[in-house]
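Structural overview for review
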Amino acid sequence: MWEFSGKILVVAIALLVIFAGLAVWLFYLERRLSGTEKKLEECIKKGGRSSPSQT
Amino acid sequence: MERIRRNWFKYLAMVLLAYVIVWGLLGPAPSYPVIHETIRNLYFHVGMWFSMIFILFASMVFSIRYLRGFDPVWDRKSLAAVKTGLVFGVLGLLTGMIWARATWGVFWTNDPKLNGAALGMLAYMAYMLLRASVGEEGRKARLASVYSIFAFVLFFIFIMIIPRMATDSLHPGIEANPALMPGDLAPQMRMVFYPAVLGWILLAWWIYGLVYRIDEIRFKVREQIENQ
């Protein structure tokens, strides 16, 4: 059923680690974006100034 | 629960792609002449191209919607889709070049399929240049939307029609879509190929959503600053 040598196993593990990293980063980005969107909406409602550095 | 309902396709994308990496690389695959084990790259190279075509098609649909009502949100969605499509296009080209090096001995060769793919990508890079060259927002959105529709048609001609007019090509798919025709793929490969295509498309849609949200934040911040 499983047909692999040591080299391809290393490639598969490396790719899995990269994808796990990508998934973690995307979910982290999503959380940061949700927070920023919320802050921006509050700023817009208050009519306050928001700058790129704040977001 | 709400979080799972909203994010289900993101979890599914990750599960599918993890399965593709593990089973695609370590599971059984038939040994074809010339390409041998590199056939496993099909799950990555073709999957990335499918997701790119899907996301560029979405960009064209967003452009049409913009032109129907001139709501700038649709233009920004179209831009985010093109950005995402370009990333997947570049990844598709890179995985294709690695595959070409392993099977043909060179990263690139003068082949109608390869050149068509590169020209298709250039057509979308021209879209980005067009946007950068027009200052006024409304005019930029109208021009970009019209061009986006044209670019997708052009892209389709470059990757699907012109290569099939050629008499010969090293790249499979001169007669029909490679990997989709009955008999093109062994049954054990189909078990990985179809989930791979779905996984890459879902990942592309996820990334598109993030790119759009980042662009929206930038746009709103700029708007706020200009209104001060």
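This text follows the structure it describes.
If you're wondering where the values come from, they're calculated on a predicted model, not measured in any experiment.

As a further point, take the overall build of chain B. A tally of helices and strands in chain B yields six helices and zero strands. What you see in chain B, going N to C, is helices and strands ordered as α-α-α-α-α-α. Partitioning the contacts of chain B with sequence separation of at least 6, the portion at a separation of at least 24 is 73%. Total accessible area on chain B is roughly 11,300 Å²; 69% of this is exposed by carbon and sulfur atoms. Between the centroid of the 22 positive side chains of chain B and the centroid of its 14 negative side chains there is a distance of 5 Å.

This part is about the pattern of salt bridges. One pass over the full model with this rule turns up 10 salt bridges over all chains. For B:Arg213, the salt bridge identified is with A:Glu30, shortest N-O distance 3.7 Å. In this pair, B:Arg213 sits in helix 6 (residues 187–227) while A:Glu30 sits in helix 1 (residues 6–46), so the two residues belong to two different chains. There is no split in this pair, since B:Arg213 and A:Glu30 are both buried. Among the ionic pairs, B:Arg213 bridges to A:Glu37, the shortest N-O distance being 2.9 Å. Taken as a pair, B:Arg213 in helix 6 and A:Glu37 in helix 1 lie in two separate chains rather than in one.

Moving on: the packing of aromatic side chains. Residues and elements named next belong to chain B. What the rule picks out here adds up to 19 aromatic pairs over all chains. Judged by centre distance (6.2 Å) and plane angle (85 degrees), the ring pair of Phe50 and Phe193 falls under edge-to-face. Of this pair, Phe50 sits in helix 2 (residues 42–69) while Phe193 sits in helix 6, and the two are 143 residues apart along the sequence. Among the residues examined, Phe50 registers a relative accessible area of 26% and is labelled partly exposed. Residue classification places Phe193 among the buried residues on the basis of a relative accessible area of 1%. An aromatic cluster is defined as three or more aromatic residues linked by ring pairs; in this entry it consists of Phe54, Phe62, Trp74, Trp205, Tyr208 and Tyr212. Sitting over the face of the ring of Phe219, Arg76 holds its NZ or CZ atom 3.6 Å from the ring centroid. Directly above the ring of Phe107 sits Arg101, whose terminal nitrogen or CZ lies 5.7 Å from the centroid.

Another aspect to go through is a nonpolar patch on the surface. Residues and elements named next belong to chain B. Side chains of Val87, Val90, Leu91, Leu94, Leu119, Leu122 and Met125 sit close together on the surface and give an oily, nonpolar patch of about 560 Å² of accessible area. Looking at which element gives the most residues to the nonpolar patch, the answer is helix 3 (residues 72–103), with four residues. Along the chain, the position of Leu91 falls in helix 3. According to the relative accessible area criterion, Leu91 is partly exposed, its value standing at 35%.

With 29 residues of chain B at the contact, the number on the chain A side is 31 residues. Regarding the contact of chain B and chain A, the summed buried area is about 2,800 Å², with carbon and sulfur atoms giving 75% of it. Considering only the surface of chain B that becomes buried against chain A, B:Leu26, B:Arg213 and B:Ile217 emerge as the three largest contributors, covering 23% of it. The interface formed by chain B and chain A contains four salt bridges. As a salt-bridge pair, B:Lys10 and A:Glu30 come within 2.3 Å of each other at their nearest N and O atoms. In this structure, the connection of chain B to chain A is made through five residue pairs in polar contact (both at pLDDT 80 or more).

All right, on to the packing of helix 2 of chain B against helix 3 of chain B then. Residues and elements named next belong to chain B. Running from N to C, helix 2 and helix 3 cross one another at 160 degrees; their axes reach a closest spacing of 8 Å. Classified by the angle their axes make, helix 2 and helix 3 are roughly antiparallel. As for how helix 2 packs across helix 3, the hand of that crossing is left-handed.

Now for the nonpolar core. B:Tyr43, B:Tyr124, B:Trp200 and B:Leu203 are the most contacted members of the largest nonpolar core, which totals 73 residues. At the level of elements, helix 1 of chain A together with helix 1 (2–26), helix 2, helix 3, helix 4 (112–133), helix 5 (137–165) and helix 6 of chain B are the ones that each hand at least two residues to this core. Counting residues per element, this core draws most heavily on helix 6 of chain B, at 17 residues. Residues contacting B:Tyr43, with those up to four places away along its chain left out, are B:Val20, B:Gly24, B:Met189, B:Val192, B:Phe193, B:Ala196 and B:Trp200.

The rules behind each value
Residues numbered from 1 in each chain as written. Chains lettered and ligands numbered in written order. Predicted model: local features only at pLDDT ≥ 70, side-chain atom pairs only at ≥ 80, totals over all residues. Heavy atoms only, no water. Helix = DSSP H or I, 4+ residues; strand = E, 2+ residues; numbered from the N terminus. Contact = heavy atoms within 4.5 Å. Areas by Shrake-Rupley, 256 points an atom, 1.4 Å probe, with all protein chains shown as cover. Lys, Arg positive; Asp, Glu negative; His and termini not counted. Charge placed at Lys NZ, Arg CZ, Asp CG, Glu CD. Salt bridge = Lys/Arg side-chain N within 4 Å of Asp/Glu carboxyl O. Buried < 20%, exposed > 50% of the residue type's maximum accessible area, 1.4 Å probe, protein only. Phe/Tyr/Trp six-rings, centres within 6.5 Å; stacked < 30°, edge-to-face > 60°. Lys NZ or Arg CZ within 6 Å of the ring centre and 35° of its normal. Patch = residues over 30% accessible without salt bridge, like charges linked within 9 Å, V, L, I, M, F, W, Y side chains within 5 Å. Buried area = accessible area lost by both parts, 1.4 Å probe. Polar contact = N/O pair within 3.5 Å; in protein donor to acceptor, adjacent residues only side chain to side chain. Axes fitted to C-alpha atoms, helices over the stretch in contact; angles between N-to-C directions. Parallel < 35°, antiparallel > 145°, perpendicular 65-115°, else oblique. Left-handed = near helix turned anticlockwise from the far one by under 90°. Core = buried A, V, L, I, M, F, W, Y, C linked by side-chain atoms within 4.5 Å.

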